[in-house]
Amino acid sequence: MRRTTPTRKTRFPPPFVEIASTAPGIPEVKMIEVCQVLPDIQAVVCDMCVDDKKTALKTCIKCEMSMCAQHLEPHLTVPLLLQTHTLTEPIAPGAGRDGLATKCPHHGKILEYYCLDDLTSVCMSCAIEDQHRVHNMKTLPKAHKELGEKLKEEQKELAQRERQIQELGGWDKEQRERLASSSVRLIEGVSALRDITLTSVKSSISARIVSINTSKRTMQAALSDGDSFRFLQGYAGVHQAVEKARAVDLRKGLEPGADQDRLVQELQQSGGKLVEQMTQLWSSLLALVDPENHQKAQGSTPLTFDPKSLGRGMSLSQDHRKVFYTPLAKLTTHTLLCQDSGSDAKLRWVVKLSEDFFWAPDIGSQR
């Protein structure tokens, strides 16, 4: 039977309760001590000591005994005990280590083996009779050692991925900035195209309305003049106003003419660029969400830039598929070579340089 040292009571420095005097005059304060008695934390003692119980250093799972340094010596020197008995940190009587059970809930025997297949502790009966009998079984110390070494290796592999984590974070930041810039440029382009169109149409419609209203006022003024001489003298101008009112085109939209032709041409050119930018933005968003499948769907080209063809102020992405330019040499054009991984052929690009651009073989220049 396991025994523990007797519980001692310790007297701690007491707090004080303040009590005010009820006597008249100057209040008197008395301090009354309040003693607190708390039990000491229980220490696991050696089960083999008879009189002077010493503190246990280890608990043998198989023997179900806690032992001090003197009585533990055979477990540390006898080969048979070393191989077959499992030692743990001292376990208090009636409790498992850290609140964990030390006996099998099915057979009531000591848990002295570990099943590496099911990752659970088992007893002897579980190991030779139940479903664990064909599993990879280890003693607790050996399982502890093997799984500890496995965790160390996994920890090393995880540490090696820190560089990939940094690259992933940098890639995410780069994509966000690029897409934000593309979105802003696209919105600015759409807004500018919208504003110039609405302004032109509004000006045209306002001019037509003003022309008709002016002709109307001219005719009303002529009809209200009863003097024949003045009416006839001004009739030529009134007739001209009537013809001008008749000539006004009341169709919707911009009035036909040079302004309409110029704006239509500008809308076609600018609109085409906006559609191209929108397609690129849409493609970039799809590639950001699902790069593998999107690249397959788009049939991405294996072209990469030749690092030897870079000029001053230029740098390549890690996959050699993007060229970035920092305006150091103030160049305006430069020739870049592209190489196909599937052939020896090289393509020659002549690009216009700008700090606002980067180049990729599959999409051309892009803001």
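Remember, predicted model here, so these are calculated numbers, not experimental data.

Our next topic: the nonpolar core. Within the largest apolar cluster, six residues are counted, these being Phe305, Met314, Val323, Tyr325, Leu336 and Cys338. Taken together, the elements giving at least two residues each to this core come down to strand 13 (323-325) and strand 14 (333-340).

Turning to the packing of helix 5 (residues 162-223) against helix 7 (residues 258-289), a few remarks are in order. Axis separation between helix 5 and helix 7 bottoms out at 10 Å; the angle between their running directions is 155 degrees. Here helix 5 is positioned roughly antiparallel relative to helix 7, judged by the angle of their axes. Regarding helix 5 and helix 7, the two cross each other, and that crossing is left-handed. The residue inventory of the contact of helix 5 with helix 7, partitioned by class, reads 13 nonpolar, ten polar and two charged.

What follows is about helix 7. Look at helix 7: 46 Å from first C-alpha to last across 32 residues, which is about the 46 Å you get at 1.5 Å a residue. Every buried residue belonging to helix 7 is among Leu263, Gly271, Leu274, Gln280, Leu281 and Ser284, and all of these are buried.

The three strands are arranged 9-8-10 in an open sheet whose pairing can be described as antiparallel. Looking at which strands have only one partner, the edges of the open sheet turn out to be strand 9 (120-122) and strand 10 (137-139). Shown here is a sheet whose adjacent strand axes are inclined to one another by a mean of 40 degrees, direction ignored. Judged from the three bridges that link them, strand 8 (residues 113-115) and strand 10 form a sheet pairing that is antiparallel. Pairing of Tyr113 across the sheet is with Thr139, part of strand 10. Along the sheet, helix 4 (residues 140-160) contacts strand 8, strand 9 and strand 10; its crossing angle with strand 10, the most-contacted strand, is approximately 105 degrees.

Below, the discussion takes up the environment of Arg312. Relative to the helices and strands, Arg312 resides in the loop between strand 11 (303-305) and strand 12 (314-316). Classification of Arg312 as exposed rests on a relative accessible area of 59%. For Arg312 and His334, which are 22 residues apart along the polypeptide, the C-alpha to C-alpha distance reads 9.9 Å.

The UniProt entry lists residues 104-140 under the feature "domain: B box-type" (unreviewed entry), expressed in the numbering used here. As annotated, residues 104-140 has a helix share of 16% and a strand share of 24%, and its two end C-alpha atoms lie 14 Å apart.

Once that is clear, we can look at the packing of aromatic side chains. For any pair of aromatic rings, geometry is given as the distance between the ring centres together with the angle between the planes. This model, assessed by the stated rule, comprises one aromatic pair. A ring pair is formed by Phe231 and Tyr235, whose centres lie 5.9 Å apart and whose planes are at 45 degrees; its orientation type is tilted. Highlighted residues: Phe231 and Tyr235, both in helix 6 (residues 228-247), separated by four residues, approximately one helical turn. Under the relative-accessibility criterion, Tyr235 is labelled partly exposed at 43%.

So, about the sheet that holds strand 5 (residues 58-60). Across a sheet, strands are paired by hydrogen bonds formed along the backbone, either parallel or antiparallel in direction. In space, the three strands of this open sheet follow the order 6-5-7, with antiparallel pairing throughout. The open sheet terminates on both sides in strands that have one partner only, identified here as strand 6 (65-67) and strand 7 (87-88). Summarising the sheet, strand 5 and strand 6 pair through three bridges and their orientation is antiparallel. Each bridged residue has a counterpart across the sheet, and for Lys58 the counterpart in strand 6 is Met67.

All chains considered together, the criterion is met by nine salt bridges. Among the salt bridges present, the one from Asp172 reaches Arg176, with a minimum N-O distance of 2.9 Å. You can see Asp172 and its partner Arg176 sitting in helix 5, four residues apart, about one turn around the helix. Across the pair Arg230 and Asp225 runs a salt bridge, and its minimum N-O distance is 3.2 Å. On the basis of relative accessible area, Asp225 is assigned to the partly exposed category, the value being 25%. Residues participating in the shared-partner salt-bridge network are Asp225, Asp227 and Arg230.

Residue-level pLDDT values for the protein chain average 75, and 74% of them are 70 or greater. When the criterion is pLDDT under 50, residues 1-41 qualifies, and its contacts beyond four places in sequence or with other chains add up to 56 contacts.

Next up on the list: the packing of helix 5 against helix 6. Contact geometry for helix 5 and helix 6: axes closest at 9 Å, N-to-C directions at 155 degrees. By the criterion of interaxial angle, the relationship of helix 5 to helix 6 is roughly antiparallel. Every pair of crossing elements has a handedness; the one defined by helix 5 and helix 6 is left-handed. Each of Ser211, Ile212, Ser215, Thr218, Met219 and Ala222 in helix 5 lies in contact with helix 6, whose residues at this interface are Phe231, Val238, Ala241, Val242, Lys244 and Ala245. Residue composition of the contact of helix 5 with helix 6, grouped by class: eight nonpolar, three polar and one charged.

Rules used throughout
Residues numbered from 1 in each chain as written. Predicted model: local features only at pLDDT ≥ 70, side-chain atom pairs only at ≥ 80, totals over all residues. Heavy atoms only, no water. Core = buried A, V, L, I, M, F, W, Y, C linked by side-chain atoms within 4.5 Å. Buried < 20%, exposed > 50% of the residue type's maximum accessible area, 1.4 Å probe, protein only. Helix = DSSP H or I, 4+ residues; strand = E, 2+ residues; numbered from the N terminus. Axes fitted to C-alpha atoms, helices over the stretch in contact; angles between N-to-C directions. Parallel < 35°, antiparallel > 145°, perpendicular 65-115°, else oblique. Left-handed = near helix turned anticlockwise from the far one by under 90°. Nonpolar A, V, L, I, M, F, W, Y, C, P; charged D, E, K, R; others polar. Expected span 1.5 Å × (residues − 1). Pairing = 2+ DSSP bridges. Contact = heavy atoms within 4.5 Å. UniProt positions renumbered as here; feature names shortened; annotations may be inferred. Phe/Tyr/Trp six-rings, centres within 6.5 Å; stacked < 30°, edge-to-face > 60°. Salt bridge = Lys/Arg side-chain N within 4 Å of Asp/Glu carboxyl O. pLDDT = per-residue confidence, 0-100.

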